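Single-letter residue listing:
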Amino acid sequence: MSKPSWTERLFGGFKKTSERLTENLTEAVSKAKLDDATLDDVEDALIMSDLGPSAASRIRARLKEKRFGLEISAQELKEAVAEEIAAILRPVAKPLEITAFPRPQVLLVIGVNGSGKTTTIAKLAHLFVEDDYNVMLAAGDTFRAAAIGQLQTWADRVGVPLVRGAEGGDPASIVFDAVKKGTAEGTDVLIVDTAGRLQNKRELMDELAKIRKVLGRLNPEAPHDVVLVLDATNGQNALSQIDVFKEVAGVTGLVMTKLDGTARGGVLVQAAEQYGLPIHAIGVGEKIDDLRPFDPDLVARVIAGVA
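Residues numbered from 1 in each chain as written. Predicted model: local features only at pLDDT ≥ 70, side-chain atom pairs only at ≥ 80, totals over all residues. Heavy atoms only, no water.

Caption draft 1: Molecular detail of the pattern of salt bridges. By the definition in use, this model includes 20 salt bridges. We note a salt bridge from glutamate 84 to lysine 66, for which the minimum N-O separation is 2.7 Å. Of this pair, glutamate 84 sits in helix H5 (residues 74–89) while lysine 66 sits in helix H4 (residues 53–67), and the two are 18 residues apart along the sequence. For glutamate 84, a relative accessible area of 6% puts it in the buried group. Sharing partners across several salt bridges, the network here consists of Asp36, Asp40, Glu43, Arg60 and Lys64. (Salt bridge = Lys/Arg side-chain N within 4 Å of Asp/Glu carboxyl O. Helix = DSSP H or I, 4+ residues; strand = E, 2+ residues; numbered from the N terminus. Buried < 20%, exposed > 50% of the residue type's maximum accessible area, 1.4 Å probe, protein only.)

Caption draft 2: Fine view of unusual backbone geometry. Omega for the bond connecting arginine 103 with proline 104 falls within 30 degrees of zero, at 0°, which places this linkage in the cis form. Within the secondary structure, proline 104 sits in the loop between H5 and strand E1 (105–110). For the bond running from alanine 222 to proline 223, omega is -5°, close enough to zero to count as cis. With a phi angle near 70°, aspartate 50 is a residue other than glycine that sits in the positive phi range. Residue position: aspartate 50 is located in the loop between helix H3 (36–48) and H4. Exposure remark for aspartate 50: the relative accessible area of 7% places this residue in the buried category. The phi torsion at aspartate 132 lies on the positive side, around 70°, for a residue other than glycine. Its place among the elements puts aspartate 132 in the loop between helix H6 (117–130) and strand E2 (135–139). Its relative accessible area of 69% is what places aspartate 132 among the exposed residues.

Caption draft 3: Geometry of the layout of surface pockets. There is about 180 Å³ of room inside the largest pocket. Around the largest pocket, the lining residues are Pro95, Leu96, Leu124, Leu127, Phe128, Glu130, Asp131, Tyr133, His280, Ala281 and Pro293. Every element with two or more residues in the lining of the largest pocket is listed here: H6 and strand E7 (279–283). Of the residues that constitute the lining of the largest pocket, the class distribution is 8 nonpolar, 1 polar and 2 charged. (1 Å grid on protein atoms, 1.4 Å probe; cavity = no way out; pocket = protein on both sides within 12 Å on 5 of 7 lines; lining within 4 Å. Points joined across faces, edges and corners; volume = space filled by probe spheres on them. Nonpolar A, V, L, I, M, F, W, Y, C, P; charged D, E, K, R; others polar.)

Caption draft 4: Examining the pairing of E1 more closely. Most of E1 is tucked away, with 6 of its 6 residues classed as buried. Here E1 shows no split at all, with Gln105, Leu107 and Val109 on one side and Val106, Leu108 and Ile110 on the other all buried. The pairing of E1 with strand E4 (residues 189–193) spans 5 bridges and is classified as parallel. Bridge pairing in E4 links valine 106 to leucine 190. As paired elements, E1 and strand E5 (residues 225–231) share 4 bridges and run parallel to each other. (Pairing = 2+ DSSP bridges.)

Caption draft 5: Region of the structure containing the side chain of asparagine 24. For asparagine 24, the position within the fold is in helix H2 (residues 15–28). Side-chain polar atoms of asparagine 24 contact the backbone oxygen of arginine 20, separated by 3.1 Å. Excluding residues that lie within four positions of it along the chain, asparagine 24 makes contacts with Ala45 and Met48. (Polar contact = N/O pair within 3.5 Å; in protein donor to acceptor, adjacent residues only side chain to side chain. Contact = heavy atoms within 4.5 Å.)

Caption draft 6: Structural context of the packing of H4 against helix H11 (residues 267–275). Contact geometry of H4 with H11 gives a least axis separation of 8 Å together with a crossing angle of 85°. Taken together, H4 and H11 sit at an angle that is classed as roughly perpendicular. Residues Pro53, Ser54, Ala55 and Arg58 of H4 lie in contact with H11, whose contacting residues are Val269, Gln270 and Glu273. A per-class count over the contact of H4 with H11 returns 3 nonpolar, 2 polar and 2 charged. (Axes fitted to C-alpha atoms, helices over the stretch in contact; angles between N-to-C directions. Parallel < 35°, antiparallel > 145°, perpendicular 65-115°, else oblique.)

Caption draft 7: Spotlight on the sheet that holds strand E8 (residues 291–293). Taken in spatial order, the 8 strands make up an open sheet running E3-E2-E4-E1-E5-E6-E7-E8, and their pairing is mixed. Both edges of this open sheet fall to strand E3 (162–163) and E8, since each of them pairs with a single strand only. For E2 and E4, the ladder comprises 5 bridges, and the chain directions are parallel. Bridge pairing in E4 links valine 135 to valine 189. Against the sheet, H6 engages E1, E2, E4, E5, strand E6 (253–257) and E8, with an angle of about 175° to E4.

Given below as structure tokens:
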């Protein structure tokens, strides 16, 4: 049996959002003409699919401007909605590019425990290795023994080195060792795992500040990227994590994971509209190649059910 294509996997990942939205959009155009009542129904459908009130209002306004009073089929409506979702997503679709000089480019990867952070690091490493970059990982989450072991397993699988220390060790000193090693060996990308303990914001903030200070001593530009991993199954909670981590860690971009068919994928649109942070990649499953750079047009069409 042939492996499903990326588009098919995306359809599976956004299944819940897409089915709910397309069903509601089909109901909305039973009146055939795009009048105010139909536009109200469309806006409600978008909000119920987790795209958020701001994006829903923006899409409604654009549809009114372009199509008000005209006859419209369910298919045409879905395509029009897909185009407006893409217009929201395109400005934030930015792949992670390795441009740092001197090397390595340092990616701090942050996120709450359970968000898929460690597996996302492995998948990002895999993407970079596929593009012929030299990659090194650093186990900066020293507070969970499982995190270090899990990262070692993934590093071995991807075929990249891991700099690690003892459980409960000082994350900043591990990062220091990793940057020195990466610089000496000419590593292109250093991906650093960090603790995900949001329950003590102050402690996390202090720890990240210490890591930044150590990085700054070795490479004033580092960290070059601070990537927040979000679990799409968390819906609105994922958005509140952006607020906290922006304040605590200076997030520069997002990766959305666990788009597994039960996820509330519409929050991706809400995140784009609300925060405007770059979305680097999205993940649809646990396998090593289940994370890809974010394609706004494809995702928009999948959400609206027209890909």
